[in-house]
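Structural features, examined
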Amino acid sequence: MTQGPFRDVPIACTLPTIAEAKAQVEKWQAFDADYVLSSERTDSELVVHYAKVDDSISRLRELVEVEQRCCAFVRWNIDENDSDLRLIARGSEEQLAALNVPTPQH
């Protein structure tokens, strides 16, 4: 059962075209290839750790700005307060699964 303030928001990307959605996915893939360090996931939260440099901060902010509009079924936050850069996505288990982020390997 979906809980929280976004329980009534459809689990769907709202970018206007398939080309825009594909471009966003490609931007994420390139960003992850450049900066991802690790990730962890629970039923209600995904935390992805990135190398913290000026470029990664700027690019993550741009990516999350788009995600907040197109995937509003998840709450998106960036934590810049530690030595690494952290993306924190919160939602239900189903909502996080819709993001199609691979489960971290331990």
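Attention in this report is confined to the structure presented alongside it.

Here is what the cut-offs are and how they apply
- Residues numbered from 1 in each chain as written.
- Predicted model: local features only at pLDDT ≥ 70, side-chain atom pairs only at ≥ 80, totals over all residues.
- Heavy atoms only, no water.
- Helix = DSSP H or I, 4+ residues; strand = E, 2+ residues; numbered from the N terminus.
- Expected span 1.5 Å × (residues − 1).
- Buried < 20%, exposed > 50% of the residue type's maximum accessible area, 1.4 Å probe, protein only.
- Arc of directions from axis to C-beta.
- Core = buried A, V, L, I, M, F, W, Y, C linked by side-chain atoms within 4.5 Å.
- Pairing = 2+ DSSP bridges.

**Brief notes about helix α1 (residues 18–35)**
- With 18 residues, α1 extends 26 Å from end C-alpha to end C-alpha; this agrees with the ideal 26 Å at 1.5 Å per step.
- Considered for burial, the residues of α1 that qualify are Gln24, Trp28, Phe31 and Tyr35. Within α1, the buried residues cover an arc of 65° as seen down the axis, which keeps them to one side. Across α1 from its buried face, at more than 90 degrees, point the exposed residues Ile18, Ala19, Lys22, Gln29 and Ala33.

**As for the nonpolar core**
- By size, the foremost hydrophobic cluster in this structure holds 21 residues, and its most contacted members are Trp28, Tyr50, Leu60, Trp76, Leu87 and Leu99.
- Every element with two or more residues in this core is listed here: α1, β2 (45–50), α2 (54–70) and β4 (85–90).
- Counting residues per element, this core draws most heavily on α2, at 6 residues.

**With respect to the pairing of β4**
- Bridge count for β2 against β4 is 6 bridges, and the pairing is antiparallel. Residue His49 lies in a different strand from β4, and its bridge partner there is Arg86.
- One ladder, built from 5 bridges, connects strand β3 (residues 75–79) with β4; its direction is antiparallel. Residue pairing in the sheet places Ile78 in a bridge with Leu87 of β4.
- Adjacent in sequence and paired antiparallel, β3 and β4 are bridged by 5 residues.

**Topic: the pairing of β2**
- The buried fraction of β2 amounts to 5 of the 6 residues, a majority that puts the element mostly inside the structure.
- Strand direction decides the pairing type here: strand β1 (residues 36–41) and β2, joined by 5 bridges, are antiparallel. What sits directly across from Ser38, in β2, is His49.
- Between β1 and β2, which follow one another and run antiparallel, lie 3 residues.

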